[in-house]
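Here are the chains, one letter per residue:
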Number of protein chains: 2
Amino acid sequence: MKSKYFFALVFVSTSLFAQKNEFRFSDFELSTSLNSNKQFTYSLNYLGKHIIKESAIGLDLAKPLQKLVAFNLLGLDTSEVNTTWKPIWGEQDEIRNNYKEITCHLQSINSPSILMDVQFRIFKDGIGFRYIFPKQNNLQYFIVKDELTEFHLSGDHKAFWIPGDFDTNEYMYNTTKLSEVNAMDAASKEKDIAVTSLISNQSVQTPLMLKSEDGIYINIHEAALLNYPAMNLNLDKTNYTLTSTLVPDPVGNKAYLQAPFNTPWRTIIISNKAKNILASKTILNLNEPTKLEKTDWIKPQKYMGVWWEMHIGKATWQKEGGKHGATTENTKKYLDFAAAHHFDGVLVEGWNKGWEEWFGNWREDVFDFVTPYDDYNIDYLSKYAKEKGIKLIMHHETSGAVTSYERRFDTAFRFMQLYGINTVKTGYVGKIIPRGEHHDGQWMVNHYLRVAEKTGEYKIMLDAHEPVHSTGLHRTYPNWMSNEAARGTEFNNAPTLGIVPEHQTILPFTRLMGGPMDYTPGLFHFKLNQFDSSRKQVVKSTLAKQLALYVTMYSPLQMAADLPENYLKHMDAFQFIEDVPVNWSETNIIDAEPGDFITIARRGKNTKNWFVGSITDENERISTIKLDFLEKGKKYLATIYKDGADANYDQYPESYNIEKKFVDANTSLNIKMARGGGFAISLIQQ
Amino acid sequence: MKSKYFFALVFVSTSLFAQKNEFRFSDFELSTSLNSNKQFTYSLNYLGKHIIKESAIGLDLAKPLQKLVAFNLLGLDTSEVNTTWKPIWGEQDEIRNNYKEITCHLQSINSPSILMDVQFRIFKDGIGFRYIFPKQNNLQYFIVKDELTEFHLSGDHKAFWIPGDFDTNEYMYNTTKLSEVNAMDAASKEKDIAVTSLISNQSVQTPLMLKSEDGIYINIHEAALLNYPAMNLNLDKTNYTLTSTLVPDPVGNKAYLQAPFNTPWRTIIISNKAKNILASKTILNLNEPTKLEKTDWIKPQKYMGVWWEMHIGKATWQKEGGKHGATTENTKKYLDFAAAHHFDGVLVEGWNKGWEEWFGNWREDVFDFVTPYDDYNIDYLSKYAKEKGIKLIMHHETSGAVTSYERRFDTAFRFMQLYGINTVKTGYVGKIIPRGEHHDGQWMVNHYLRVAEKTGEYKIMLDAHEPVHSTGLHRTYPNWMSNEAARGTEFNNAPTLGIVPEHQTILPFTRLMGGPMDYTPGLFHFKLNQFDSSRKQVVKSTLAKQLALYVTMYSPLQMAADLPENYLKHMDAFQFIEDVPVNWSETNIIDAEPGDFITIARRGKNTKNWFVGSITDENERISTIKLDFLEKGKKYLATIYKDGADANYDQYPESYNIEKKFVDANTSLNIKMARGGGFAISLIQQ
């Protein structure tokens, strides 16, 4: 039936369809046109302002050898959707999905010609668009050599960016004008990232956060990255045009595809208020609903872990050397503490044999994922954890040897089932095997998905470290709960750059646009020479800010990263970590400015209680919060965890005050945040 | 203890060891020397003649970045071994392993210096040598960029060669002087090989068969190819020096290794009699004994298959199109015929879903290896086969998507167990995935071995098609019974070059030096337009020669490749296929000349009966055979299957005579072979 419809359109296209079309929805005006070279372009206005100037689309194919850059327009379809849906878990109970869809049916002018649709969806806070290759006679299996999507910006915006790279997204963010982007220079300052594959001096990654001179916030990213490589962006500084750069495979191809196929969505989220960027659900809406029939086994979790003590030199992952962290005794200590404070899980890294020579040799069969060190009694510990009402969390570090992992992951997941372990943290530190593949290429994108699907079959929850950036796939695969995919807490211990105070005010505008991040907050000890006096690293945060991150940095898997003995020194502050939920009925982005500050309030899932987190960058700041989001006429006990009067990130990070008072919806709070500080509030309805 | 010994040697080396050393064993004289550039060289004389002139050894490492080409000699060890061992199956009951071993302990003059041994074994029919990297402080994980092994030949020998290639060994053989090697030209005539990756105009593959002007036969190959890429040879025509060229990985590296490590053996088999080359067991002797504890489940087999009918257009692998070969009914027909004639198995190709779009798209997940087409009732057929005392043989075509296969092979082998199927033919037609890897690179060499080991665990026998060349690993992994790894019977149907009559007289001197080949002989119908009148291809062989191949082309898995209906027309000749064993107690290479003819007699395993096969090239020839290998004083009934008086490969290939007579050890037979012909004899002790 579909082809019949197309056929009909061919005959009427010249008369029926103008070469330029305009579509309006909410505050947006989208134009598409075919220029004199038969190039198909789009442009986008917001509140009457040019956001995206005329920008070309297209693809370069390696097989068949064709550039898809000139087209005839066969027809247009438009429709509108306005529905709501309920995420399995997340930041709010219900999400509205309201958009206008325009599908432009194009036919390439090559011979033989290829049918390709460009499909746009205009939401209230931006647009998404993607390429669709319908089933057709002239195209079955095909290979993408390059994608030629342009984003022609209207000026020299302020940009929050990290260098374009095929293998890592763990760079520190840079804040510069677009004209000052210098990816190689920025990357050259980084010494602590395991594997980098820089693209060029003008390449940046998505999500790319921009702010125009007239105060428009623009976020460029992608949604539903499936069976396709990740997109980087190459900047032409002469005209502020960004062009898609896909991650290559070992022979330089980008994607091996079969029609029918649709690419991931290219997304542009736009608002004149920064907080609306954080509130956007457009990327999630562009992902498909889950196909999982049963999801009741998927549970947001708070967890601790035998992990940070390895980073700071108290213990080691490997058994050799006598400082093994993942011993039965030490794990029991964590289980006891975590259970006493109502945590859900304890991650144990370094539990399995192979850590003595795990890194840097680009070799297979480093780990088998089923053989514990002989000082780690997994049978005993899994039973012990069960008695305490808590679960072990599995760790599968692949060291990049993904072929090895795929050969063994079925066995590894069965091993987990045997011990009642239903959450796994995966890791991809090192150069990828298959050799020549990159962390963010199509093959690896498919691998991460395979793990998500396999773990889904085994009813296992997944948290991937060092994967490709997140693109909202947690809607479709809700057991794939969180990712690292950015510079997380562990970089506080990196000798060269560490983590700067503004970092956590940028991440929600960049990395987290694609989905939850396992940032692993909750450090309570700030000088990292605690077990190794030679270390100079410090955590550039106050303790109160660490608490605030549980609200500002959304994840359904939320870690309390520090050691039990460090928490024991500040149990009054730890109470917030114990109380804060990891799943929410409502989220209110109170105020935010990328690079400066973020204040968010959230209501715990199916409760009346709210939790507020507010963080600042390296500047001190007073945050004013109207509690008008509270239920009218109800009294709440507010517990305010804030920076001490002398606190700041570089001198007295551990100085904090805890204040309790009764508040209601009419209350307004003015709270000072120290340099590198923040505050957290629990609001318990009385 | 080992290092202590080395230490002692360092101090005495200058005085104790001369820079030139000579070693004699049997007819060989091996010399090693350190020249003025500290290069380590070897040379080899046979019966006083130069076979290998001074030739350098060495390796170029990518990590650490070092060329291992200049050395100090720390010491020498020599020893002699003279033992026998019994193969699990093979050409003879017992194999003598008699050699002198010389281990040269070298230390590179790089800083830091690397310890490397060169270990030679001199046998009665040639030598092997390899590089050994002992455990040492200066070398743990390392990467080989190139191997620099030279074979400096003494003249412009006649060579039987195929073009050097990283992906295929299915070329037609060329017979030229070394000075006339032109690999690109030769390859350009080939149109029917799925994937080729030629190296250079001067590159040839091993086994390379040579014959000097003064009648010395020389075969260069490798033994025990494990965790290392295959070796090709690059020819310098100015001095007739061959240099090793290893197959690269996607980024150009050759091998990722960890000390202690030893490379495969480089082998040079030498004799003034061609038949001694075929009789050599040196490559087998250089492989390790099996580690399998139980081997009683490993059985040599004769099999038929739903296979050739797809090649000649009677049927198709795919179900779509209505000519599906692997139907329940058709398989029953093969099972009935095979069982009636005491075969062991029936191979069924095209049994599983995926064949509609299986080739040429460089994609994963083409096959899942466990889903039959719905007109193939594997449950019924496996039971039916069992009733008939025969077994189905499984087919796993990977289409080159090896990552897919590795993810699924455990499941696939369990599926086989479920149906009582214990032999698998694997296939690797297509470009390899991991993309950028080659059929013959280290990663794939490791893959083939993984399959051999996995099938061993599941008590499954293995026959790999399109794998790397064989190197005697069937001694160590006796369930890995046969390989294709050369131009087999299917190429009779290839439109461009087909198979020339001399082909089978070269294969035993080249491909089969490394081990059994699943050549799939036994064609009884020679014009291949039987089901498709447009086909021009003909089988360039007589029927009698097809019978002879069961003796001349050794394999413990031996197919009768043709269709039951074609055999039914010549059941008197088929009797030889029914009678001929696939496992032997004794083998007598009666006479042979590469490219011209081969005559072999073999005694069936634990029987008194002998079987003779003799084949010729495109020339007719009279073969004289003294039956002095028969037991003295015993009478035998000889059944002689020979070319008819008018037979020849291009006119009357199906013309044959069968003659029966009584013979004994004093009998001498003179039998004429037609052009492209041959004969087979069964000798049954009375």
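Everything quoted here is computed from the prediction, not taken from an experiment.

S.K.: For this particular structure, what's the right way to read the relation of the copies chain A and chain B?
M.R.: Between the two copies of the chain lies a relationship made up of a rotation around an axis and a movement along it. Each copy superposes on the other: chain A lies on chain B with an RMSD of 0.0 Å after a rotation of 180° and an axial shift of 0.0 Å. The transformation just described matches what one would write down for a two-fold rotation axis. The share of interface residues of chain A whose copies in chain B are also at the interface is 100%, consistent with both copies meeting through the same surface.

S.K.: When you look at empty space enclosed by the protein in this model, what are you seeing that I'm missing?
M.R.: The probe, sized like a water molecule, is rolled over the atoms to show the empty space still left. The final tally for this structure, using the stated rule, is 14 cavities of 30 Å³ or more. Around the largest cavity sit 18 residues that line it, and Ser470(B), Thr471(B), Leu473(B), Trp480(B) and Asn483(B) are the ones nearest its centre. Per-element accounting of the lining of the largest cavity gives the leading share, four residues, to strand E28 (residues 480-483) of chain B. When the residues that make up the lining of the largest cavity are grouped by side-chain class, the tally is ten nonpolar, eight polar and no charged. Put simply, the second largest cavity is a space of about 110 Å³. Surrounding the second largest cavity, 14 residues form its lining, Ser470(A), Leu473(A), His474(A), Trp480(A) and Asn483(A) being those nearest its centre.

S.K.: I keep staring at the packing of aromatic side chains and nothing clicks. Help me out?
M.R.: Aromatic rings in a pair are described by how distant their centres are and how their planes are angled relative to each other. If you walk through the whole model with that rule in mind, you get 68 aromatic pairs over all chains. For the pair Tyr228(A) and Phe261(A), a centre-to-centre distance of 6.1 Å together with 25° between the ring planes defines the contact as stacked. Placement of Tyr228(A) in the loop between strand E17 (217-223) and strand E18 (231-236) and of Phe261(A) in strand E21 (residues 261-262) is noted, with a sequence separation of 33 residues between them. Residue Tyr228(A) shares its accessibility class with Phe261(A), and that shared class is buried. Ring plane angle 25° and centroid distance 5.8 Å describe the contact between Tyr380(A) and Tyr384(A), whose orientation is recorded as stacked. On the criterion of helical spacing, the pair formed by Tyr380(A) and Tyr384(A) is a turn pair, its members being four residues apart in helix H7 (residues 378-387). You can call Tyr384(A) buried: its relative accessible area is 13%. Members of the aromatic cluster, each reached through a chain of ring pairs, are Trp317(A), Trp355(A), Trp358(A), Phe359(A), Phe367(A), Phe369(A), Tyr405(A), Phe409(A), Phe413(A) and Tyr458(A). Stacked on the ring of Phe343(B), the Lys or Arg Lys302(B) has its end atom at 5.9 Å from the ring centre. Across from the ring centre of Trp85(B), 3.7 Å away, lies the NZ or CZ of Arg475(B), which sits over that ring.

S.K.: I keep staring at the environment of Ile127(B) and nothing clicks. Help me out?
M.R.: All names here are of chain B. Following the sequence through the fold, Ile127 ends up in strand E10 (residues 126-133). Spatially, the C-alpha atoms of Ile127 and Leu286 are 9.8 Å apart, while their sequence positions differ by 159 residues. If we skip the residues at most four places from it in the chain, Ile127 touches Leu30, Tyr42, Leu44, Phe120, Arg121, Ile122, Arg266, Thr267 and Ile268.

S.K.: Can you help me understand the nonpolar core in this one?
M.R.: Looking at soluble globular proteins, one finds that nonpolar side chains tend to be buried together. Core analysis: the largest hydrophobic core is formed by 198 residues, its most contacted members being Tyr42(B), Ile57(B), Met116(B), Phe120(B), Phe133(B), Phe151(B) and Ile268(B). Viewed by domain, this core spans two of them, domain 1 (6-285) and domain 2 (520-553 + 562-686) of chain B, each represented by three or more residues. Setting aside anything within four residues of it in sequence, one finds Ile57(B) in contact with Phe40(B), Tyr42(B), Leu68(B), Phe71(B), Leu106(B), Met116(B), Val118(B), Phe129(B), Tyr131(B), Leu148(B) and Thr149(B). Counting residues in each nonpolar core, the second largest holds 197 residues, with Val118(A), Ile218(A), Phe343(A) and Tyr373(A) among its members.

S.K.: What is the right way to look at the domain arrangement of chain A in this model?
M.R.: Where interface size is given, it is often the accessible area lost as the parts come together that is meant. All names here are of chain A. Segmenting chain A into domains produces domain 1 (6-285) and domain 2 (520-553 + 562-686). Just the C-alpha atoms count here: the centres of domain 1 and domain 2 sit 36 Å apart. Facing 13 residues of domain 1, the contacting portion of domain 2 comprises 15 residues. Here domain 1 packs against domain 2, burying approximately 1,200 Å² in sum over the two surfaces, 48% of which is carbon and sulfur.

S.K.: It is not clear to me how the confidence of the model for chain A should be interpreted in this structure. Could you clarify?
M.R.: In low-pLDDT segments, the atomic positions of the prediction should not be examined closely. Residues at a pLDDT of 70 or more form 97% of chain A, whose mean pLDDT is 96. Across residues 1-18 of chain A, confidence stays below pLDDT 50; counting only partners more than four residues off in sequence or on other chains, it has 18 contacts.

S.K.: What's the story with the pairing of strand E26 (residues 423-427) of chain B in this structure? I'm lost.
M.R.: It is a general feature of regular strands that their side chains alternate between the two faces of the sheet. Residues and elements named next belong to chain B. Of all the five residues making up E26, five are buried; the element is thus mostly covered by neighbouring parts of the structure. Side chains of E26 alternate between two faces, with Thr423, Lys425 and Gly427 and Val424 and Thr426 buried alike. The pairing of strand E25 (residues 391-397) with E26 spans four bridges and is classified as parallel. In the strand pairing of E26, Glu397 is matched with Gly427.

S.K.: How should I be thinking about the interface of chain A and chain B in this particular structure?
M.R.: Taken together, the contacts link 26 residues of chain A with 26 residues of chain B. Of all residues in chain A, the largest losses of buried area upon contact with chain B belong to Tyr141(A), Arg407(A) and Arg435(A), amounting jointly to 28% of the total for that side. Across the chain A-chain B interface, the total number found is three salt bridges. Between Arg407(A) and Glu406(B) there is a salt bridge, with its nearest N and O atoms 2.5 Å apart. In this assembly, chain A and chain B are joined by 14 residue pairs in polar contact (both at pLDDT 80 or more). Elements with a minimum of two residues in the side of chain A that touches chain B: strand E20 (255-258), helix H8 (402-418) and helix H9 (442-457) of chain A. With five residues, the single largest contributor to the side of chain A that touches chain B is H8(A).

S.K.: Would you mind going over the sheet that holds strand E19 (residues 241-246) of chain A with me for this structure?
M.R.: Residues and elements named next belong to chain A. Here eight strands make up an open sheet; going across it, the order is E1-E2-E3-E4-E12-E19-E18-E15 and the pairing antiparallel. Each edge of the open sheet is held by one strand with a lone partner, namely strand E1 (20-25) and strand E15 (203-205). Each strand axis lies, on average, 25° off the axis of its neighbour in the sheet, ignoring direction. In the sheet, strand E3 (residues 40-46) pairs with strand E4 (residues 49-56) via five bridges, with the strands oriented antiparallel. Its bridge partner lying in E4, Leu44 is registered against Ile52.

Each value, and the rule that gives it
Residues numbered from 1 in each chain as written. Chains lettered and ligands numbered in written order. Predicted model: local features only at pLDDT ≥ 70, side-chain atom pairs only at ≥ 80, totals over all residues. Heavy atoms only, no water. Least-squares fit on C-alpha atoms with pLDDT ≥ 70 in both. Contact = heavy atoms within 4.5 Å. 1 Å grid on protein atoms, 1.4 Å probe; cavity = no way out; pocket = protein on both sides within 12 Å on 5 of 7 lines; lining within 4 Å. Points joined across faces, edges and corners; volume = space filled by probe spheres on them. Helix = DSSP H or I, 4+ residues; strand = E, 2+ residues; numbered from the N terminus. Nonpolar A, V, L, I, M, F, W, Y, C, P; charged D, E, K, R; others polar. Phe/Tyr/Trp six-rings, centres within 6.5 Å; stacked < 30°, edge-to-face > 60°. Buried < 20%, exposed > 50% of the residue type's maximum accessible area, 1.4 Å probe, protein only. Lys NZ or Arg CZ within 6 Å of the ring centre and 35° of its normal. Core = buried A, V, L, I, M, F, W, Y, C linked by side-chain atoms within 4.5 Å. Domains from an automatic or database assignment. Buried area = accessible area lost by both parts, 1.4 Å probe. pLDDT = per-residue confidence, 0-100. Pairing = 2+ DSSP bridges. Salt bridge = Lys/Arg side-chain N within 4 Å of Asp/Glu carboxyl O. Polar contact = N/O pair within 3.5 Å; in protein donor to acceptor, adjacent residues only side chain to side chain. Axes fitted to C-alpha atoms, helices over the stretch in contact; angles between N-to-C directions.

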